[in-house]
Every structure is written in structure tokens, then in C-alpha cells.
Amino acid sequence: MTQPAGHHIAELNIARLLADQDDPRVAEFMDNIDRINGLGKRMPGFAWIMEGSGAPNAGNTESCIDGDPRFISNLTVWQTPNALAHFVWNTLHKQFLDKRADWFEGMAEQHFVMWWVPAGHQPTLTEALARLDRLRQDGASDQAFDWAWLRAQGLLTEQGAGA
């Protein structure tokens, strides 16, 4: 399989903080949201990120899930799977990913999904959550997928991706 012509890759990652956003237990994460998101925005292949109010160190934490302010999301669009993979696994982002258990509850269900979007499309959180539900219910397909599916399709060559 190849990346569909004229399409980019969207990703949604959801997580539930261990404590309220102003709690010292999650301060290191909250204090670095702008730093990591800013790094992503400067990466080759970055296309778009769902942003909140623009308040310092808020990221997109205003877009809580199910009315729970500790249940937060990250929704971005990248030109290619490898551009996303490079940012996730081979930049400062990886150090924060490795520490996620310090700030977030463990999730029993799948909490990450990717899918193809037409170039220029800015998916909504509702759209993204529907893709996550599709992945949870039907497994990986060209409509909703994970790192392993991309690798199996030969679409992921970035070193360390999905490790």
C-alpha cells in the first residue's frame, strides 16, 4: 500500500492526567506542553495542530473529553507517517513519552489512532474520537490504524518508530 495521493496523516492521542492540571504531580508535563508542541510545529512535515485558547502552558487542555478536565487530547496532522514518527520517536518528545506514567493514568483501551485526511483538512475532536472508536471496535484498517498497521503496510521506515 502507498499513502493515498493528496492525503496527509492525522493522529489522535488521548490520556487522563493523574491529577488536576494545576497539581504539582503533573507540573513538569504542563510546564512543557508549549515547548514540545512548539518543537512539533517546527518539524519538517508538520501540517496542523488542534490548539486551545493560546494560554501559556495550556496546549489544548481546554478540549477535554466527556467533560472531564483531566481527560485531554492531542490532535495533529502530518504530511507523512515518517514525519510524524520522526517527531514522536527521535526528538525531545520521546523523553516526555517515556515519562508518561509519571503524569497519566494507565489506559485499558486503545488511546491512539491515525487515519488519512485530505491535505489541508483540520479534523475535529469529534471526528478523531470516532476514528478511535472505529479502531477499538474493528481493529486496524485503512480507515483507522496504529504504528503496527503502518509498518505492516510498508509505510513506516523511520528508525525507532512505534518501538
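Scroll up to find the structure.
Described in the following lines is the structure provided in the data block.

Rules used in this analysis
- Residues numbered from 1 in each chain as written.
- Predicted model: local features only at pLDDT ≥ 70, side-chain atom pairs only at ≥ 80, totals over all residues.
- Heavy atoms only, no water.
- Helix = DSSP H or I, 4+ residues; strand = E, 2+ residues; numbered from the N terminus.
- Buried < 20%, exposed > 50% of the residue type's maximum accessible area, 1.4 Å probe, protein only.
- Contact = heavy atoms within 4.5 Å.
- Areas by Shrake-Rupley, 256 points an atom, 1.4 Å probe, with all protein chains shown as cover.
- Pairing = 2+ DSSP bridges.
- Axes fitted to C-alpha atoms, helices over the stretch in contact; angles between N-to-C directions.
- Salt bridge = Lys/Arg side-chain N within 4 Å of Asp/Glu carboxyl O.

## Remarks on the overall build of the protein chain
Helices and strands together make up the secondary structure of the protein chain, namely 6 helices and 4 strands. Across the protein chain, helices and strands are ordered from the amino to the carboxyl terminus as β-α-β-β-α-α-α-β-α-α. The proportion of buried residues among the 163 residues of the protein chain is 45%. Looking at the protein chain alone, contacts between residues at least 24 apart form 76% of all its contacts between residues at least 6 apart. When the accessible surface of the protein chain is totalled, it reaches about 8,200 Å², and 49% of it is carbon and sulfur.

## Brief notes about the pairing of strand S3 (residues 71-78)
Most of S3 sits out of view: 7 of its 8 residues are buried. Pairing of strand S1 (residues 7-16) with S3, which is carried by 8 bridges, proceeds in the antiparallel orientation. If you follow Arg-16 over to S3, its bridge partner there is Phe-71. Across 3 bridges, strand S2 (residues 46-49) lies against S3 in antiparallel orientation. Residue Trp-48 lies in a different strand from S3, and its bridge partner there is Val-77.

## Let's talk about the pairing of strand S4 (residues 112-118)
Of all 7 residues in S4, 6 are buried; the element is thus mostly enclosed. Bridging between S1 and S4 involves 7 bridges; their strand directions are antiparallel. Paired with His-8 across the bridge in S4 is Val-117.

## Quick notes on the sheet that holds S1
Pairing is antiparallel in the open sheet, where 4 strands are placed in the order S2-S3-S1-S4. Strands with a single pairing partner mark the edges of an open sheet, and in this sheet they are S2 and S4. Across this sheet, the average inter-strand angle for adjacent strands is 25°, counted without regard to direction. The strands touched by helix H2 (residues 81-90) within the sheet are S1, S3 and S4, with S3 carrying the most contacts at an inclination of about 135°. Of the strands in this sheet, S1, S3 and S4 touch helix H5 (residues 125-138), which is tilted by about 120° from S4.

## Re unusual backbone geometry
Even without a glycine there, the phi angle at Asp-66 is positive, about 55°. By secondary structure assignment, the location of Asp-66 is in the loop between S2 and S3. Since its relative accessible area comes to 75%, Asp-66 is described here as exposed.

## Thoughts on the pattern of salt bridges
If you walk through the whole model with that rule in mind, you get 9 salt bridges. Here Lys-41 ties to Glu-51 by a salt bridge, and the two come within 2.5 Å at their closest N and O atoms. Highlighted residues: Lys-41 in helix H1 (residues 27-41) and Glu-51 in the loop between S2 and S3, separated in sequence by 10 residues. Given the relative accessible area of 36%, Lys-41 is considered partly exposed. For Arg-136, the salt bridge is made with Glu-109, and the minimal N-O distance between the two is 3.5 Å. A residue pair is termed long-range when its members are at least 10 positions apart, and Arg-136 in helix H5 and Glu-109 in the loop between helix H4 (100-103) and S4 qualify at 27 residues. For Arg-136, a relative accessible area of 29% translates into the label partly exposed. The exposure class of Glu-109 is partly exposed, given its relative accessible area of 49%.

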